[in-house]
Amino acid sequence: MASLGRRRGVPVSRERGVMAASDCYIVHEIYNGENAQDQFEYELEQALEAQYKYIVIEPTRIGDETARWITVGNCLHKTAVLSGAACLLTPLSLPAEYSRYVALPAGALSIACAALYGISWQFDPCCKYQVEYDSQKLSRLPLHTLTSSTPVVLVRRDDIHRKRLHNTIALAALAYCAKKIYELYAV
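Quick caveat, the model's predicted, so the values are computed rather than measured. (Residues numbered from 1 in each chain as written. Predicted model: local features only at pLDDT ≥ 70, side-chain atom pairs only at ≥ 80, totals over all residues. Heavy atoms only, no water.)

Trainee: For the side chain of Asp 159, give the residues involved together with the corresponding values.
Mentor: With respect to the helices and strands, Asp 159 occurs in the loop between β4 (152–156) and α6 (160–186). By relative accessible area, which is 4% here, Asp 159 ends up buried. Excluding its chain neighbours within four sequence positions, the residues that come into contact with Asp 159 are Tyr 117, Cys 127 and Lys 128. (Helix = DSSP H or I, 4+ residues; strand = E, 2+ residues; numbered from the N terminus. Buried < 20%, exposed > 50% of the residue type's maximum accessible area, 1.4 Å probe, protein only. Contact = heavy atoms within 4.5 Å.)

Spelled out as structure tokens, the structure:
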């Protein structure tokens, strides 16, 4: 019935259900002694390894650190892709005598960012998650049970395509840079 209402353009009122408990893990901010931060970190690691769809982090410090770590990984990925694209597209848009001054540094930056991402982030279970900001998606989570007013919510996303993209572009940039360096010194 809901699909018929959508086809006709009639808005369908449908209640949003709360996520199943198996999809969401909450790292609660409960201080039970001196090693509370270690306990929070252990809980987060266990939730990441269990590959929950959503992870809600109540403790502010560990939530902020995790969000920053994900942001740095995203920045490395985007830098690798954009600088690699600049390396590969610059020879098409600039004269040959000037293109190497832009293409080679951009290619080196792409290679460095892809290598750093591969070394530091690729095998970290946290790289499979992104910070969720969408209020519609957040409203489906059981956030009413939290004691913190600003939890960090992580959502698991498949990152195989983004890894393939930045690795392919970085390898193409490496091949281009190697060819250009060879041409510069062989002549």
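Don't stop here, the text continues.
Trainee: I'd like a rundown of a nonpolar patch on the surface, residues and numbers included.
Mentor: A cluster of nonpolar side chains, Leu 94, Tyr 98, Tyr 101 and Val 102, forms an exposed patch at the surface whose accessible area comes to about 410 Å². Checked against the element boundaries, Leu 94 lands in the loop between α3 (60–93) and α4 (96–120). What makes Leu 94 partly exposed here is its relative accessible area of 35%. (Patch = residues over 30% accessible without salt bridge, like charges linked within 9 Å, V, L, I, M, F, W, Y side chains within 5 Å. Areas by Shrake-Rupley, 256 points an atom, 1.4 Å probe, with all protein chains shown as cover. Salt bridge = Lys/Arg side-chain N within 4 Å of Asp/Glu carboxyl O.)

Trainee: Now, about unusual backbone geometry: what can you tell me, with residues and values included?
Mentor: A positive phi angle, near 60°, is found at Gln 51, a position not held by glycine. Judged by its relative accessible area of 48%, Gln 51 falls in the partly exposed class.

Trainee: Quick rundown of the pattern of salt bridges? Include the residues and the values.
Mentor: It is possible for side chains bearing opposite charge to pair when their charged atoms get close. The tally for this structure, following the rule as stated, stands at six salt bridges. Taking the shortest distance from any N to any O, the salt bridge between Glu 65 and Arg 61 comes out at 3.3 Å. Taken together, the residues span about one helical turn, with Glu 65 and Arg 61 both in helix α3 at a distance of four residues. Overall, the relative accessible area of 35% leaves Glu 65 in the partly exposed class. Shared partners join several salt bridges into a network, and the residues in it are Lys 128, Asp 159 and Lys 163.

Trainee: Now, about the nonpolar core: what can you tell me, with residues and values included?
Mentor: Counting 16 residues, the largest nonpolar core has Leu 44, Ile 55, Ile 57 and Leu 154 as the members making the most contacts within it. Every element with two or more residues in this core is listed here: α2 (36–50), β2 (54–57), α3, β3 (129–131) and β4. With five residues, α2 is the single largest residue contributor to this core. In contact with Ile 57, other than residues within four places in its own chain, are Val 27, Leu 44, Ile 62, Gly 63, Thr 66, Pro 151, Val 152 and Leu 154. If you look at the next biggest cluster of nonpolar residues, it comprises nine residues, including Val 56, Leu 138, Leu 141 and Leu 146. (Core = buried A, V, L, I, M, F, W, Y, C linked by side-chain atoms within 4.5 Å.)

Trainee: Tell me about α2, residues and numbers included.
Mentor: If you check α2, its first and last C-alpha atoms are 21 Å apart, about what 15 residues at 1.5 Å a residue would give, namely 21 Å. As for α2, its buried residues are in contact with β1 (24–27), β2, α3 and β3. Once α2 finishes, Gln 51 follows within two positions and takes phi at roughly 60°, a positive value. (Expected span 1.5 Å × (residues − 1).)

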